[in-house]
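Architecture at a glance
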Amino acid sequence: MIDLRSDTITRPTSAMLTAMQAAQVGDDVFKEDPTIIQLETSLADRLGMEAGLYCPSGTMTNQIAIRVHVSPGDEVICDHLSHVYNYEGGGIAANSGASVRLLNGDRGRFTAADVSANINPDDEHFPISRLVVAENTCNKGGGSCWDLEQLKAIEAVCRQHGLAFHLDGARLFNALVRTGDNPLDFGATFDSISICLSKGLGCPVGSVLLGSSEFIARARRVRKLMGGGMRQAGYLAAAGIYALGNNIERLAEDHRRAADLGEILANCHYVNKVLPVETNIVIFELNQSVTASDFVSRLEADDIAAIDMGINLVRMVTHLDFSDDDLEKVKQAIRRLDI
Ligand SMILES: *Cc1c(COP(=O)(O)O)cnc(C)c1O
């Protein structure tokens, strides 16, 4: 089976497993796991932030960040496509008791003016606007990348109004490889950043939350509260260290294969349009001749898995376990489909 449902489906390579097996470990709730400390510190350094916190998932790093930034009744401003709103089980309400103001950005990317227009006045009727969340790349936006200047402009609005600014950077390294931006500029723009190791970077598990030392100390308490304090998890963190050393530059290959897929799909008569392919995600809209679920079943018959994202939207994601040979097979299957 060629699996294009997500970049989370990769399995650790033997080199990664070897690195994991060799890890020095200790009890991380006692702050005694040297490998976890090394992962947290090295990723924080890479982005120019003070500290990091290793967690089981990107949902947890986002939810911890929101919980630390807001109080019950406050409002979180984010795009209507955002993962924190759509795909975290209603966690903003359940974990933080906060309400949400949704923006209508361009494939997940909103402007400083959008933010300004949605900050509530200081009036007891309104929830207190407390936090802005951006997502880079934006998953539901088709792996779209933010322009750093646009983020800097939003940061300025946040500073002016006393709002915190969090980045859901589940695929931040895909964005950095695409744009060539300096990771330090991202560290300087946000109060907190969440990065997934289990997506394009190819780890079996893990995300890291970054921020100031004071923020991470508070985040550590929330991680314990949520049951995310792990013990000898250095074996898992070692996969993260391996990935940061070996799997970043190669993301460009995933992007090249995704662009290639996007081009083939754009020329298929049953495809209405393909969202611009900027990184490793391809989202396309089918025309009337076939539904997304029918299209996905037909591909499945050819041993290719994709995901339907609504009546006529399909998503394919390229990753570490998707080769040029696989790409050729998928291209042939797409061309062969009798729709
Ligand atoms: C995958 C993802 C997350 C976190 O997901 P987990 O499966 O909980 O690790 C967060 N944000 C975005 C944009 C994602 O794609």
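Just above, that's the structure.
Keep in mind that this is a model prediction, so the values were computed, not measured.

Structural notes on helix α12 (residues 251-266)
For α12, with 16 residues, the first-to-last C-alpha span of 23 Å sits near the 22 Å given by 1.5 Å per residue. Turning to α12, its buried residues are L251, D254, H255, R257, A258, L261, G262, I264 and L265. Against the buried residues of α12 lie α8 (172-179), β9 (271-274), β10 (281-286), β13 (313-317) and α14 (324-336).

Some points on the site of the ligand
Neighbouring the ligand are 13 residues, the closest being G58, T59, D168, R171 and K199. Take G58: an N or O atom from its main chain is 2.8 Å from an oxygen atom of the ligand. A distance of 2.6 Å is found between an oxygen atom of the ligand and a side-chain nitrogen or oxygen belonging to T59. Notes on the ligand: free accessible area 370 Å², of which the protein chains cover 84%. Looking at the shell around the ligand, the element that brings in the most residues is helix α3 (residues 58-69), giving three residues.

Topic: the side chain of H166
Note on placement: H166 falls in strand β6 (residues 164-169). The exposure class assigned to H166 is buried, which follows from its relative accessible area of 0%. Looking at H166, its side chain comes within polar contact range of the side chain of S192, at 2.7 Å.

Structural notes on empty space enclosed by the protein
Tallied over the full model, the rule gives one cavity of 30 Å³ or more. Computed from the structure, the largest cavity encloses a volume of approximately 60 Å³. What lines the largest cavity is simply G169, A170, R171, L172, F173, N174, I195, C196, K199, G200, L201 and L251. In terms of residue count, α8 provides more of the lining of the largest cavity than any other element does, three residues in total.

Regarding the layout of surface pockets
Taken as a whole, the largest pocket encloses approximately 220 Å³ of empty space. For the largest pocket, the lining is made up of 14 residues, of which E40, A51, G52, I216 and R220 are closest to its centre. Of the residues forming the lining of the largest pocket, the biggest block, five residues, is contributed by helix α2 (residues 34-47). Here the residues of the lining of the largest pocket are counted per class, giving six nonpolar, two polar and six charged. Contributing to the lining of the second largest pocket are H80, L81, G105, R107, G108, K140, G141, L275, I283, M309 and L313. Residues that form the lining of the second largest pocket fall into these classes: five nonpolar, four polar and two charged. Here the lining of the second largest pocket spans two domains, since at least three of its residues come from each of domain 1 (14-246) and domain 2 (250-336).

Quick look at the sheet that holds strand β12 (residues 307-308)
Pairing within the open sheet is antiparallel, and its four strands lie in the order β9-β10-β13-β12. At either end of the open sheet lies a strand with only one pairing partner, and these are β9 and β12. As defined by bridge partners, β12 adjoins β13 across two bridges and the pair is classed as antiparallel. For I307, the partnering residue across the bridge sits in β13 and is R315. Contacting β10, β12 and β13, helix α13 (residues 292-301) runs over the sheet at an angle of about 40 degrees to β13.

Brief notes about the pattern of salt bridges
Under the definition given, this model contains 19 salt bridges. A salt bridge links R257 to E253, with the shortest nitrogen-to-oxygen separation between them at 3.2 Å. Here R257 and its partner E253 are both found in helix α12, four residues apart, which amounts to about one turn of the helix. Judged by its relative accessible area of 6%, R257 is buried. Residues R256 and D324 are paired through a salt bridge, measuring 3.2 Å at the closest nitrogen-oxygen approach. Remark: D324 occurs in helix α14 and R256 occurs in helix α12; sequence separation between them is 68 residues. Residues joined by salt bridges that share partners form a network here, namely D106, R107, R109 and E278.

Thresholds applied
- Residues numbered from 1 in each chain as written.
- Predicted model: local features only at pLDDT ≥ 70, side-chain atom pairs only at ≥ 80, totals over all residues.
- Heavy atoms only, no water.
- Helix = DSSP H or I, 4+ residues; strand = E, 2+ residues; numbered from the N terminus.
- Expected span 1.5 Å × (residues − 1).
- Buried < 20%, exposed > 50% of the residue type's maximum accessible area, 1.4 Å probe, protein only.
- Contact = heavy atoms within 4.5 Å.
- Near = heavy atom within 4 Å.
- Polar contact = N/O pair within 3.5 Å; in protein donor to acceptor, adjacent residues only side chain to side chain.
- Areas by Shrake-Rupley, 256 points an atom, 1.4 Å probe, with all protein chains shown as cover.
- 1 Å grid on protein atoms, 1.4 Å probe; cavity = no way out; pocket = protein on both sides within 12 Å on 5 of 7 lines; lining within 4 Å.
- Points joined across faces, edges and corners; volume = space filled by probe spheres on them.
- Nonpolar A, V, L, I, M, F, W, Y, C, P; charged D, E, K, R; others polar.
- Domains from an automatic or database assignment.
- Pairing = 2+ DSSP bridges.
- Axes fitted to C-alpha atoms, helices over the stretch in contact; angles between N-to-C directions.
- Salt bridge = Lys/Arg side-chain N within 4 Å of Asp/Glu carboxyl O.

Function cannot be inferred from these measures alone, as they are strictly geometric.
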